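Reading the structure
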Amino acid sequence: MAWYKRLFMFLFGLSGILSLAALSLVWVGPWTATARSLILEVRWYFIALEVLVCITGVGLVICLLVSLFAPRNPRDTVVAEVGGNKITVTRTAIVSQTRHVVEADGTCSVSNVRVRMGRRGNVRVHVKVVPHLPVNVLDRGAILHSELEQGLSKICGDCVRSIGITFTEPEQSGSLSTYVDTGEGDSSSSEAQSSYPEDGITIAMTDVQRPESEPETDALEQQAADDQANASEEV
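Note that the coordinates shown come from a computational prediction; the quantities given were computed from them, not determined experimentally.

1. A few points about the pairing of strand S3 (residues 108–117)
Looking at chain direction, S3 and strand S4 (residues 123–131) are connected through 9 bridges and run antiparallel. Counted as the bridge partner of valine 113 is valine 127 from S4. Between the antiparallel neighbours S3 and S4 lie 5 residues, among them glycine 121 with a positive phi of about 85°.

2. Let's talk about the pairing of S4
Where S4 and strand S5 (residues 160–167) come together, 7 bridges link them in parallel fashion. Paired with lysine 128 across the two strands is threonine 166, which belongs to S5. The parallel pair S4 and S5, bridged by helix H5 (residues 137–156), forms a crossover whose chirality is right-handed.

3. Quick notes on the pattern of salt bridges
Summed over the entire model, instances satisfying the criterion amount to 1 salt bridge. We note a salt bridge from arginine 140 to aspartate 105, for which the minimum N-O separation is 2.7 Å. Of this pair, arginine 140 sits in helix H5 while aspartate 105 sits in the loop between helix H4 (91–102) and S3, and the two are 35 residues apart along the sequence. Classification of arginine 140 as buried rests on a relative accessible area of 0%.

4. Comments concerning the packing of aromatic side chains
What the rule picks out here adds up to 3 aromatic pairs. Ring geometry for phenylalanine 8 against phenylalanine 12: centres 6.2 Å apart, planes inclined by 5°, an arrangement best described as stacked. One end of the pair, phenylalanine 8, and the other, phenylalanine 12, are both in helix H1 (residues 3–27), 4 residues apart, so they sit about a helical turn from each other. Judged by its relative accessible area of 31%, phenylalanine 8 is partly exposed. The aromatic ring of tryptophan 27 is capped on one face by arginine 36, whose charged end is 5.7 Å from the ring centroid.

5. Structural notes on the nonpolar core
Core analysis: the largest hydrophobic core is formed by 20 residues, its most contacted members being Ile94, Val102, Val115, Val125, Val127 and Leu148. Elements supplying a minimum of two residues to this core: H4, S3, S4 and H5. No other element matches S3, which puts 5 residues into this core. Among all residues touching leucine 148, those that are not within four sequence positions of it are Thr98, Val101, Val102, Val127, Ile163 and Ile165. One finds Ala22, Ala35, Ile39 and Leu49 within the second-largest nonpolar core, a separate group that totals 6 residues.

6. A few points about the packing of H1 against helix H3 (residues 43–69)
Where H1 meets H3, the axes come as close as 8 Å, and the angle between the chain directions of the two elements is 125°. When the interaxial angle is binned, H1 and H3 end up oblique. For the element pair H1 and H3, the recorded crossing hand is left-handed. Residues Phe8, Leu11, Phe12, Ser15, Gly16, Leu18, Ser19, Ala22 and Leu23 of H1 form the contact with H3, whose own contacting residues are Tyr45, Leu49, Leu52, Val53, Ile55, Thr56, Gly59, Leu60, Ile62 and Cys63.

7. Describing the sheet that holds S5
Spatial ordering of the open sheet is given by S3-S4-S5, a layout of 3 strands whose pairing is mixed. Of all strands in the sheet, those bounded by a partner on one side alone are S3 and S5. Along the sheet, successive strands turn relative to each other by an average axial angle of 15°, direction set aside. Docked against the sheet, H4 engages S3 and S4, running at close to 150° with respect to S3. The strands that H5 touches are S3, S4 and S5; relative to S5, the one it contacts most, it runs at about 145°.

8. Some words on the packing of H1 against helix H2 (residues 32–41)
Close contact between H1 and H2 brings their axes to 6 Å; oriented N to C, the two are set at 125°. It follows that H1 is oblique to H2 by the angle criterion. Pair H1 / H2 crosses with left-handed handedness. Between H1 and H2, the contacting residues are Leu25, Val26 and Trp27 on the first element and Thr32, Ala35, Arg36 and Ile39 on the second. In terms of residue class, the contact of H1 with H2 is made up of 5 nonpolar, 1 polar and 1 charged.

Calculation criteria
- Sequence order as written defines residue numbering, which begins from 1 separately in each chain.
- Restriction of local features to residues with pLDDT of at least 70 applies here, the model being predicted, together with a cutoff of 80 or more for giving and counting side-chain atom pairs; totals for whole chains, interfaces and linings are based on all residues.
- Computation of side-chain values: all heavy atoms of the structure, hydrogens and water removed.
- Two strands form a pair only when DSSP identifies at least two bridges running between them.
- The numbering of helices and of strands both runs from the N terminus, where a helix is a DSSP run of H or I of at least 4 residues and a strand a run of E of at least 2.
- With the strands pointing away from the viewer, any crossover whose connection runs clockwise from the first strand over the helix to the second is right-handed.
- A carboxyl oxygen of Asp or Glu within 4 Å of a side-chain nitrogen of Lys or Arg is what we treat as a salt bridge.
- Each residue gets one of three labels from its accessible area relative to the maximum for its type: buried under 20%, exposed over 50%, partly exposed in between, using a 1.4 Å probe on protein chains only.
- Ring pairs shown here join Phe, Tyr and Trp side chains whose ring centres sit within 6.5 Å, with only the six-membered ring taken for Trp; geometry is labelled stacked below 30 degrees between planes, edge-to-face above 60, and tilted in between.
- Here, a charge over a ring means that NZ of Lys or CZ of Arg falls within 6 Å of the ring centre while also lying within 35 degrees of the ring normal.
- To qualify as a nonpolar core, a set must consist of buried Ala, Val, Leu, Ile, Met, Phe, Trp, Tyr and Cys residues joined through side-chain atoms within 4.5 Å.
- The contact rule is simple, with two residues in contact once any of their heavy atoms fall within 4.5 Å.
- Here, axes are lines fitted to C-alpha atoms. For helices the fit covers the stretch in contact, and angles between N-to-C directions go from 0 to 180 degrees.
- Note on angle classes: values under 35 degrees are labelled roughly parallel, values over 145 roughly antiparallel, values of 65 to 115 roughly perpendicular, and the remainder oblique.
- Handedness of a crossing follows from how the near helix is turned relative to the far one, being left-handed for an anticlockwise turn of less than a right angle and right-handed for a clockwise one.
- Residue polarity is assigned by list, with Asp, Glu, Lys and Arg as charged and Ala, Val, Leu, Ile, Met, Phe, Trp, Tyr, Cys and Pro as nonpolar; anything else, Gly included, falls into the polar class.

Shape is all these values report; function is a separate question.
Next comes the structure, spelled out in structure tokens:
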């Protein structure tokens, strides 16, 4: 929701509650005489109540106009006409197709899908994607956008006007660039490689092994250190 809409709703709700409470005190309870005297004698209280009532009235008028004239979101749209007959597709079918395309490779899941249908058959889709692992949003987003264009064109034709994608926090946290496998042996590496697709995710599957010459180097370094320690003791 946009900030100005949130601000308007806050002012409208607060003004309605305060004005309703102030006017109710005049009619209900043992403080009715005090409430009436505040309205009639205290000028700033009367002006504040007028402002609150005006804000509430404007908000009610806007709500009425929106309910009467706001465009509705139909449940289906016409995608083609054949021999005078119309071929329609429902909003539920578009949501199902979107989920199928996003979750096809198993790297992501769908959290929410919003479909807006215009009066002229224009379809706008916005999907919220939850990656299973950290992904490169630029690369994966471009690929996913292209896949959604192809998948939605199969049921909507050329009626799709916009496709929005929002990536949320991945289910498993970690580094975006690499996932290092710390298992033992090649079997764990091959298992991890088959479990995590590499589309948009960089995964390091090689085990870190020391070269064969390193033990000899370590032995020479240790011997040199011992000789130096013995020399210092003799001094």
